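A structural walkthrough
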Amino acid sequence: MFSVSLGVVTFLIAPILPPNPRPRATPSPSLYATRPGALPARFRRARVLLIGCGDIGLRVAQALAGRVRLMALTSSGGRTAELRARGITPLQGNLDAPDTLRRLAGLATRVVHLAPPPGAGWTDPRTRALTRALRRRRLPDALVYGSTSGVYGDCQSEVAIETRALRPETTRARRRIDAENSVRFLGRATPVRSSILRIPGIYAPDRDGGTPRERLLKGTPVLQAADDVYTNHIHADDLARACIAALWRGKAQRIYNVNDDTCLKMGDYFDLAADLYGLPRPPRVPRSTAKEQLSLMLLSFMSESRRMDNTRLKSELRLKLRYPTVDTGL
């Protein structure tokens, strides 16, 4: 842990980021004439590039505001004003159009990649295009990629540690594995310190669709206890903090499970949420009839059971969870 006080009240930066250098007077033109290699102050600060600046990306940016120079890739011109208002420099580009990514080369000292793969296919050409673009000029010091816990597949309620063999059961998970491979290849072939975060269900009361309330109001059923599966969670703020911790503390080519300490089956999670919100608990149904009442997406989540271990998250990234269990977070 860093012992220095940063003088900025934030919930995560102080123990992770190094202190800012003491402010210096603006150099005169003559100084640059005698030192042609000197860089303006704006380029001496760490430069963090956000790829996929949605809810989690914006939380990362909010936590880092004022401490680093922030940039974000966006394919929508309509987001330019919003990003600038948050202190983020927007960079026009599209992961599905590799030629538009050339300008990213050499810009950032650290990269957070949270963009999802395409919605179809077996690979993730977006991550491949990004890593190729980053290699065109000076490489970033670190890259953090947000993957999914779905790469483990069904662990049949066993504990999933980062070294467990991957058994993806959906094309979504296979695309994520392809993205992980691209990130790991970049780390092996270059000095980039790449970290992969395997993320379960993200929740937060201030996140769009970030609580079970809407599903509880609809009365969507869950599996009966005998058929139920273990599920894992992480609060959106803690996930943002994990991204930042990995940027500065992650070990080279390292994988981290990013989940809280909750150990609940899915039905028990919804029962807990219902009790907290003062709503009726959801009905329980056997797996044999669930397919008649639930969507294919929900059924896919209910077909995989695992209990993720977060030892590395706490010991190596030294992250103290702000919301260690879902009852504190909800």
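Everything below is about the structure printed above this text.
Residues numbered from 1 in each chain as written. Predicted model: local features only at pLDDT ≥ 70, side-chain atom pairs only at ≥ 80, totals over all residues. Heavy atoms only, no water.

1. Some remarks on the overall build of the chain
Stated formally: A run of DSSP states H or I qualifies as a helix once it reaches four residues; a run of E qualifies as a strand once it reaches two. Both are numbered from the N-terminal end. We call a residue buried when its accessible area falls under 20% of the maximum for its residue type, exposed when it is over 50%, and partly exposed in between, using a 1.4 Å probe and counting protein chains only. We call two residues contacting when some pair of their heavy atoms lies within 4.5 Å. Here the Shrake-Rupley method, with its probe set to 1.4 Å, supplies the accessible areas, and only the displayed protein chains count as covering residues.
Within the chain, the regular secondary structure consists of 13 helices and 15 strands. Residue burial in the chain is summarised as follows: out of 330 residues, 49% are buried. In the chain, once contacts between residues fewer than 6 apart in sequence are set aside, the share between residues at least 24 apart is 76%. In the form shown here, the chain has an accessible surface area of approximately 15900 Å², with 51% of it arising from carbon and sulfur atoms.

2. Examining the layout of surface pockets
The condition is simple: Cavity: a set of points on a 1 Å grid over the protein atoms alone where a 1.4 Å probe fits but cannot get out. Pocket: an open set with protein on both sides within 12 Å along at least five of seven lines, its lining residues, like those of a cavity, having an atom within 4 Å of a point. Grid points are joined across faces, edges and corners, and a volume is the space filled by probe spheres set on the points. Any residue outside Ala, Val, Leu, Ile, Met, Phe, Trp, Tyr, Cys, Pro, Asp, Glu, Lys and Arg is labelled polar, Gly included; the first ten of those are nonpolar and the last four are charged.
There is about 1600 Å³ of room inside the largest pocket. Residue assignment for the lining of the largest pocket shows that the elements contributing at least two residues are helix H3 (55-64), strand S5 (142-148), helix H6 (171-189), strand S8 (201-203), helix H7 (213-218), strand S10 (230-231), helix H9 (266-277) and helix H11 (296-301). No other element matches the five residues that H7 contributes to the lining of the largest pocket. Residues that form the lining of the largest pocket fall into these classes: 21 nonpolar, 17 polar and eleven charged.

3. Remarks on the packing of helix H5 (residues 125-134) against H6
Our working definition: In this description, a line fitted to the C-alpha atoms serves as the axis of each element, helices being fitted only across the stretch in contact, and the angle between N-to-C directions of two axes falls anywhere from 0 to 180 degrees. Here the angle decides the label: under 35 degrees means roughly parallel, over 145 means roughly antiparallel, 65 to 115 means roughly perpendicular, and every other value means oblique. By definition, any crossing whose near helix is turned counterclockwise from its far helix by less than a right angle is left-handed, and any crossing with a clockwise turn is right-handed.
Two numbers describe how H5 lies on H6: the axes approach to 8 Å, and their chain directions differ by 15°. The angle between the axes of H5 and H6 places the two elements in the roughly parallel class. Handedness of the crossing formed by H5 with H6: right-handed. Where H5 approaches H6, its residues Thr127, Arg128 and Thr131 are matched on the opposing element by Asp178, Ala179, Ser182, Val183 and Leu186. When its residues are assigned to classes, the contact of H5 with H6 shows three nonpolar, three polar and two charged.

4. Focus on the packing of aromatic side chains
Spelled out, the test is: Aromatic contacts are taken between Phe, Tyr and Trp rings whose centres are within 6.5 Å, Trp giving its six-membered ring; a plane angle under 30 degrees counts as stacked, one over 60 as edge-to-face, and the others as tilted. Whether a charge lies above a ring is judged from NZ of Lys or CZ of Arg, which has to be within 6 Å of the ring centre and within 35 degrees of the ring normal.
According to the stated counting rule, one finds one aromatic pair in the structure shown. Here the basic side chain of arginine 307 rests over the ring of tyrosine 230, its NZ or CZ set 5.4 Å away from the ring centre.

5. Looking at the side chain of glutamate 316
The cut-off we apply is this: Counting of polar contacts relies on pairs of N or O atoms within 3.5 Å, with two restrictions inside protein: one atom must be capable of donating a hydrogen and the other of accepting it, and residues adjacent in sequence are counted only when both atoms are side-chain atoms.
The residue glutamate 316 is located in the loop between helix H12 (311-315) and helix H13 (326-329) in this model. Judged by relative accessible area, which is 14%, glutamate 316 ranks as buried. Polar contacts involving the side chain of glutamate 316 include one to the side chain of tyrosine 256, which spans 3.0 Å. Setting aside residues up to four positions removed in sequence, glutamate 316 forms contacts with Arg249, Lys251, Arg254, Tyr256 and Thr311.

6. Regarding the pairing of strand S2 (residues 69-74)
Within a regular strand, side chains alternate between the sheet's two faces. In plain terms, the rule: The handedness rule is simple: strands pointing away from the viewer, and a clockwise path from the first strand over the helix to the second, make the crossover right-handed. Two strands qualify as a pair provided that DSSP identifies no fewer than 2 bridges between them.
Burial within S2 is extensive, with five of its six residues counted as buried. Each parallel crossover has a hand, and the one from strand S1 (residues 47-51) via H3 to S2 is right-handed. Pairing analysis gives five bridges linking S2 to strand S3 (residues 88-92), with the strands arranged parallel. Paired with leucine 73 across the two strands is leucine 91, which belongs to S3.

7. Re the sheet that holds S5
Strand order in this open sheet of seven strands is S3-S2-S1-S4-S5-S7-S12, and the pairing throughout is parallel. Lying at the two open borders of the sheet, with one neighbouring strand each, are S3 and strand S12 (254-257). Taken pair by pair, the neighbouring strands of this sheet meet at an average axis angle of 20°, ignoring direction. Relative to S2, S1 runs parallel, the two being bridged by five bridges. Across the sheet, residue valine 48 finds its bridge partner in S2, namely leucine 70. On top of the sheet, H6 reaches S5, strand S7 (193-199) and S12; it is set at about 165° to S5, its chief contact. The strands that helix H8 (residues 236-249) touches are S1, strand S4 (110-113), S5 and S7; relative to S7, the one it contacts most, it runs at about 160°.

8. Describing H5
Most of H5 sits inside the fold, with seven of its ten residues counted as buried. On its buried face, H5 sits against S1, S4, S5 and H6. Here H5 starts with a cap whose side-chain oxygen sits 3.1 Å from the backbone nitrogen of arginine 126, and that cap is aspartate 124.

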